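# Topology and contacts: notes
Spelled out from the first residue to the last, the chains are:
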Amino acid sequence: MSFDYRFTCPLPCGMHARPATAFEEVARRFVSDISLVNQRTGQAANAKSVLGIVSLDIRQGDACRVFTIGADERWAIEAVKAFVDTELGHVDDALPAPPSAPGSVVLPRMLQQANVRVLPGIPVAPGIGRGRAVSVTGFTLPDSVPRTDVADPEAEMQRLGEALRELARGYDTRLENQRRGVEADVLRAHRAVARDPEFQQHLFQEVRDHRLTAAGAITATESHFSEMLVATGSALLRERALDIRDVCHQLLRVVYGDVVQEHRVELSVPSVCLADALTPGEFLALDRGWLKGLVLAHGGTTSHTVILARTFGVPTLVGVRGLDASLDGREVVVDADLGVLVTTITEDGRLYYDMEHRRLDARRARVRRFADAPAATTDGRRIEIGANVGSADEVSDAVAAGADGIGLFRTEMLFLDRTQPPTEDEQFEEYRRALADADGRPVIVRTFDVGGDKPLPYLSLPREDNPFLGYRAVRIYPEFSALFRTQVRALVRASAFGRLRVMVPMVARLEEAVWVKDVVAEEQARMAADGLAIDRSMELGAMIEVPSAAFLVGPLSRHLDFFSIGTNDLLQYFVAADRANGKLADLSNPLAPAFLRLLDLVVREARARGRWIGLCGEMGGQANCLPVLVGLGLDEISMATPLIAATKATLAELSQAGCRALLEQAAACGTPHEVEPLLDAPGHRRDVPLIDPALVVVRGTCRTKEEAVKTGVDLLFASGRTDRPREVEEAVWQREATYSTGFGHGFAIPHCRTDAVTANSLAVVTLDEGVEWGSLDGKPVRVMILLAIRQSATATAHMRVLATLARRAMHEEFRDGLSSAPDAESLCRFLSESLNE
């Protein structure tokens, strides 16, 4: 007897290495044979072989079938069903589209004149890196290592088998120290290859049937599976060949030790590494303290090497032709914002990139200043900005990034991927560490949200047809009260070590909150009776993520101390649309007026009863939603750590009163499309002056008009008035191409209309030495006033300011006032007064 199950692949990028690894991890828990069939191609594979699964070339929408035969076949098919239904669609992040070939690159004006030589490439990790070029050539197997004519095939297979086990143990050890993150995902994928039955079978077969040595078998196996992946025709799967190569290289090192000649690259100065291709292991072996850029002749956006480079912030280009040994030791620049490798840098080129680094550093410094300060609106409304984390390890990074606290600590990660639940002591230590690293800041710990779409093998919960609406979170606590009470005891013990708040997920009824409150009170009483130090004032709250709870905030407030809105689930339950279903994406817009009205109701109900209320869903990290969140009057907004500083900077530009008015307008709309233009309209943002001292350089040293224009645009970028400086600069040059903006008397007023700036702006640069501008009177320019007006501003705004400037520039007093201003503040004051006369 056998069991089977059919499903349709939901993954946009198909069943590549990471989802295949997750599938394999489910299958290998059972002794039964489990086969996976791609019904589009008719090909079948062992589901316990990640390479077998990958080789099926399963694409989004492909019909698939799973067969199980063996002693535990019924349980195996149920586990596969549960995995496919609840996890497969979420097991992989959306990946960038495979890159096209490098196209022609239009260099910025200043770089065009710098006479640099460049090689175009495909930018896959943004940023600019400069350093000495270092070629990375991987390793070679010396000819002295025999590949063929093994004398004792059985002994050689034993040798290979032991090496495979040692390699797998090595991955296990590394994963113990690196349990989460991209690096851990890559290690799991490589471990899956090392223990893959088809991979091992091919190795042994090469030894047994062709009398190859371990070296010969490994080389032949690498070629076999790499060619198989290439033959699928999928760019995504082709990039997985690097993982095969990586595992094979590691296996050779285990078998032959130092005999394998690895060209280990020791970086001791800022370096840009060049390679034909680089495996993930080779990338991880590089000293990232000195690694300033990566340039590959081959590779795409989805290889694990590129994903790692993106994660570690290493500017990276792929598809660069013309890399050769002649570049070694040469100073080069990886401009992964522009998409070029600068192979010959001139003094003017260095000057350009010095300006680029100053531009980026100035913007980072501005954002960083907001990270260290309390977040507040222009009219003084304080809002805490918290971080969402999944482990204590992440807390210190969140605090360093400016988090005012931890708005969501997901504890279910402690319970997943293990055969037994975590002990009370294990949990206590995790929570205690989080509180210690928070250093007095509040930490909201969400009790475990498992079951339903997050099944645990040791709970033996039945499979559900609709797990998102199923038996999960607070709903399972009474049945598994021992498990829940263990967590509560760990939390109560930890409460003595910081500002701990406990939050209950999926509350839909008042009775659930009352039950949890009683359990917490009982455990607190027991521990107090035992003389343990605890915080009896530890706050208890609920996550508002079920619509029924949204309408019960009043009654819940009689028993609970705080609330936090989980917008992800609340939105999908409110509009009855699976948020992972791309065809329903239009329904999952958090700016839908009906949803805004629901949020407003929840916040008003909580505040009317004096309860603290925050928000911790993905909506909190969406910059375009920030004005309506401020308008709600939340006490806290929690988000991913990297977004904290920029959110604080944006929040400082908003007014609470203006955002409240905006929210009321938005909630009165009929569709999200009617809401979106309101977010761009003035009224809720701080009215920034046309000019401020941050937009002024006094006695600059620009040598050309291109340098002066770039300096002005860089000021706009550094002060947060544009995120698209090249677009602004190009708009200026388009206007400059029609006529010179050198108005005479040493003045130039380059200008443009573009919505690439967030506010009408003037940037001023005065110069010690005049620069040639093609002015009407032929004289060099010593004062540049760059005018950038929003395209959507009234047409007269642009002309009014420009005409006023041109009129004032006719007067010597005005010109002298600007030229002789001793500092940015004086110049800014003088210019503002002159324009307002």
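First, a word on what this report is: a plain description of the structure on this page. Quantities reported herein were computed from a predicted structural model and do not represent experimental measurements. (Residues numbered from 1 in each chain as written. Predicted model: local features only at pLDDT ≥ 70, side-chain atom pairs only at ≥ 80, totals over all residues. Heavy atoms only, no water.)

## Side note on the overall build of the protein chain
Along its length, the protein chain carries 30 helices and 28 strands. By the compact-globule yardstick of 28 Å for 837 residues, the protein chain fits well, its C-alpha radius of gyration being 31 Å. Counting over 837 residues, the protein chain shows a buried share of 55%. Nonlocal contacts in the protein chain, meaning residues at least 24 apart in sequence, comprise 72% of its contacts between residues at least 6 apart. Only carbon and sulfur atoms are counted for the fraction: they give 50% of the accessible area of the protein chain, which is about 35200 Å². For the protein chain, the distance from the average position of its 94 positive side-chain charges to the average position of its 115 negative side-chain charges is 3 Å. (Helix = DSSP H or I, 4+ residues; strand = E, 2+ residues; numbered from the N terminus. Rg over C-alpha atoms; globule rule 2.2 N^0.38 Å. Buried < 20%, exposed > 50% of the residue type's maximum accessible area, 1.4 Å probe, protein only. Contact = heavy atoms within 4.5 Å. Areas by Shrake-Rupley, 256 points an atom, 1.4 Å probe, with all protein chains shown as cover. Lys, Arg positive; Asp, Glu negative; His and termini not counted. Charge placed at Lys NZ, Arg CZ, Asp CG, Glu CD.)

## Thoughts on helix H25 (residues 672–680)
Of the positions making up H25, those classed as buried are Pro-672, Val-675, Leu-678 and Leu-679. Looking down the long axis of H25, one finds its buried residues gathered within 110° of arc, a one-sided arrangement. In this structure, H25 carries His-673, Pro-677 and Asp-680 as exposed residues pointing more than 90 degrees from its buried face. In this fold, the buried residues of H25 make contact with helix H21 (593–608), helix H22 (626–632) and helix H24 (656–667). (Arc of directions from axis to C-beta.)

## Brief notes about unusual backbone geometry
If a residue is not glycine, its phi is most likely negative; likewise, a peptide bond is most likely trans. Phi is positive for Arg-211, which is not a glycine, with a value near 55°. Looking at the element boundaries, Arg-211 is found in the loop between helix H7 (197–210) and helix H8 (214–231). On the basis of relative accessibility, which here comes to 40%, the residue Arg-211 falls in the partly exposed class. With phi around 60°, His-745 is a residue other than glycine that occupies positive phi space. Residue position: His-745 is located in the loop between strand E24 (742–744) and strand E25 (747–748).

## Points about the sheet that holds strand E16 (residues 405–410)
Ordered by their spatial adjacency, 8 strands build a closed barrel running E15-E16-E17-E18-E19-E20-E21-E22, and the pairing between neighbours is parallel. The sheet shows a mean angle of 25° between the axes of neighbouring strands, direction not considered. Bridge analysis of strand E15 (residues 384–389) against strand E22 (residues 636–639) gives 4 bridges, and the strand direction is parallel. Each residue of the ladder has a partner; that of Ile-385, found in E22, is Ile-637. With respect to the sheet, helix H15 (residues 424–438) is in contact with E16, strand E17 (443–446) and strand E18 (500–504), its orientation differing from that of E17 by roughly 155°. (Pairing = 2+ DSSP bridges. Axes fitted to C-alpha atoms, helices over the stretch in contact; angles between N-to-C directions.)

## So, the pairing of strand E11 (residues 291–296)
Every other side chain in a regular strand lies on the same face of the sheet, so the side chains alternate between the two faces. With respect to burial, E11 is a largely interior element, 5 of its 6 residues being buried. Sheet topology note: the E11/strand E12 (residues 316–318) ladder contains 2 bridges and is parallel. When the bridges of E12 are listed, Val-295 appears paired with Leu-317.

## Here's the deal with the pattern of salt bridges
A full pass over the atoms with the stated rule returns 56 salt bridges. The partner of Asp-172 in a salt bridge is Arg-191, and the shortest N-O contact between them spans 2.8 Å. Pair noted here: Asp-172 is in helix H5 (residues 153–177) and Arg-191 is in helix H6 (residues 182–194), with a separation of 19 residues, a long-range link. Exposure remark for Asp-172: the relative accessible area of 31% places this residue in the partly exposed category. The class for Arg-191 is buried, based on a relative accessible area of 14%. Residues Arg-703 and Glu-707 are paired through a salt bridge, measuring 3.5 Å at the closest nitrogen-oxygen approach. (Salt bridge = Lys/Arg side-chain N within 4 Å of Asp/Glu carboxyl O.)

## Observations regarding the packing of H5 against H7
For the pair H5 and H7, interaxial distance at closest approach is 9 Å and the crossing angle is 155°. On the basis of their axis angle, the class for H5 and H7 is roughly antiparallel. In this structure, the crossing between H5 and H7 has a hand that is right-handed. Contact with H5, carried on its side by Pro-153, Glu-156, Met-157, Leu-160, Gly-161 and Leu-164, involves Phe-199, Gln-200, Leu-203, Phe-204, Val-207 and Arg-208 of H7 and no other residues of that element. Classifying every residue of the contact of H5 with H7 gives 8 nonpolar, 2 polar and 2 charged. (Parallel < 35°, antiparallel > 145°, perpendicular 65-115°, else oblique. Left-handed = near helix turned anticlockwise from the far one by under 90°. Nonpolar A, V, L, I, M, F, W, Y, C, P; charged D, E, K, R; others polar.)

## A short note on helix H17 (residues 510–529)
Since one α-helical turn is 3.6 residues long, residues separated by three or four positions face the same way. Along its 20 residues, H17 runs 29 Å from first to last C-alpha, staying within 8% of the 28 Å computed at 1.5 Å per residue. Here H17 has its buried residues at Glu-512, Ala-513, Val-516, Val-519, Val-520, Glu-523, Gln-524 and Met-527. Down the axis of H17, the buried set is contained in an arc of 130°. They therefore lie on one face. Along H17, the residues that are exposed and aim more than 90 degrees away from the buried face are Glu-511 and Ala-529. The inward-facing, buried residues of H17 abut H15, helix H16 (481–494), E18, strand E19 (539–544) and helix H19 (553–557). Downstream of H17 by a residue or two, Gly-531 has a phi angle that is positive, lying close to 80°. (Expected span 1.5 Å × (residues − 1).)

## Some thoughts on the packing of H6 against helix H12 (residues 304–311)
Axis angle and axis distance: for two packed helices, these are the angle between their axes and the distance between the axes, and together they describe the pair. Their axes nearest at 10 Å, the elements H6 and H12 cross at an angle of 160°. One way to sum up the angle between H6 and H12 is to call them roughly antiparallel. Handedness of the crossing formed by H6 with H12: left-handed. Here Val-182, Glu-183, Val-186 and Ala-189 of H6 lie close against H12, whose contacting residues are His-304, Ile-307, Leu-308 and Thr-311.

## Some points on the side chain of Glu-729
Here Glu-729 shows up in helix H27 (residues 725–738). Of the side chains bearing the opposite charge, Lys-710 lies closest to the buried Glu-729, which forms no salt bridge; the N-O distance is 5.2 Å.

## Comments concerning the environment of Ala-809
Within the element layout of this structure, Ala-809 appears in helix H28 (residues 795–809). With a relative accessible area of 4%, Ala-809 lands in the buried category. Measuring from C-alpha to C-alpha, the distance between Ala-809 and Gly-293 comes to 46 Å, with 516 residues separating the pair along the chain. Once you skip the residues sitting within four places of it in the chain, Ala-809 turns out to touch His-745, Phe-747, Phe-814 and Arg-815.

## Some words on the pairing of E19
Here E19 lies mainly inside the structure; 5 of its 6 residues are buried. For E18 and E19, the ladder comprises 4 bridges, and the chain directions are parallel. Its bridge partner being in E19, Val-502 is matched across the sheet by Leu-540. For the segment spanning E18, H17 and E19, crossover handedness is right-handed. (Right-handed = clockwise from strand over helix to strand, strands pointing away.)

## Details of the environment of Ala-365
Structurally, the position occupied by Ala-365 is in helix H13 (residues 347–371). Placed 353 residues apart in sequence, Ala-365 and Ala-718 show a C-alpha to C-alpha distance of 8.7 Å.

## A word on the packing of aromatic side chains
Taken as a whole and assessed by the stated rule, the structure comprises 17 aromatic pairs. Here Tyr-477 and Phe-484 contribute two aromatic rings whose centre-to-centre distance is 4.1 Å and whose plane-to-plane angle is 15°, an arrangement assigned as stacked. Within the aromatic cluster, the residues linked to one another by ring pairs are Phe-415, Phe-448, Tyr-477, Phe-484 and Trp-515. Positioned over the ring face of Phe-717 is Arg-359, at 4.6 Å from the centre of the ring. (Phe/Tyr/Trp six-rings, centres within 6.5 Å; stacked < 30°, edge-to-face > 60°. Lys NZ or Arg CZ within 6 Å of the ring centre and 35° of its normal.)

## Observations regarding the sheet that holds strand E7 (residues 128–135)
Spatial strand order, E5-E14-E13-E7-E10-E11-E12-E6: 8 strands in an open sheet with mixed pairing. Two strands in the sheet have a free side with no partner beyond their single neighbour: strand E5 (117–120) and strand E6 (122–125). Taken over all neighbouring pairs, the strand axes of this sheet differ in orientation by 30° on average, direction set aside. By the bridge criterion, 4 bridges tie E7 to strand E10 (residues 271–275) in an arrangement that is parallel. Bridge pairing in E10 places Arg-132 opposite Ser-271.

## Brief notes about the environment of Asp-755
Structurally, the position occupied by Asp-755 is in the loop between strand E26 (751–753) and strand E27 (761–771). For the pair formed by Asp-755 and Arg-174, sequence separation is 581 residues and the distance between their alpha carbons is 49 Å.

Geometric values such as these leave the question of function open.
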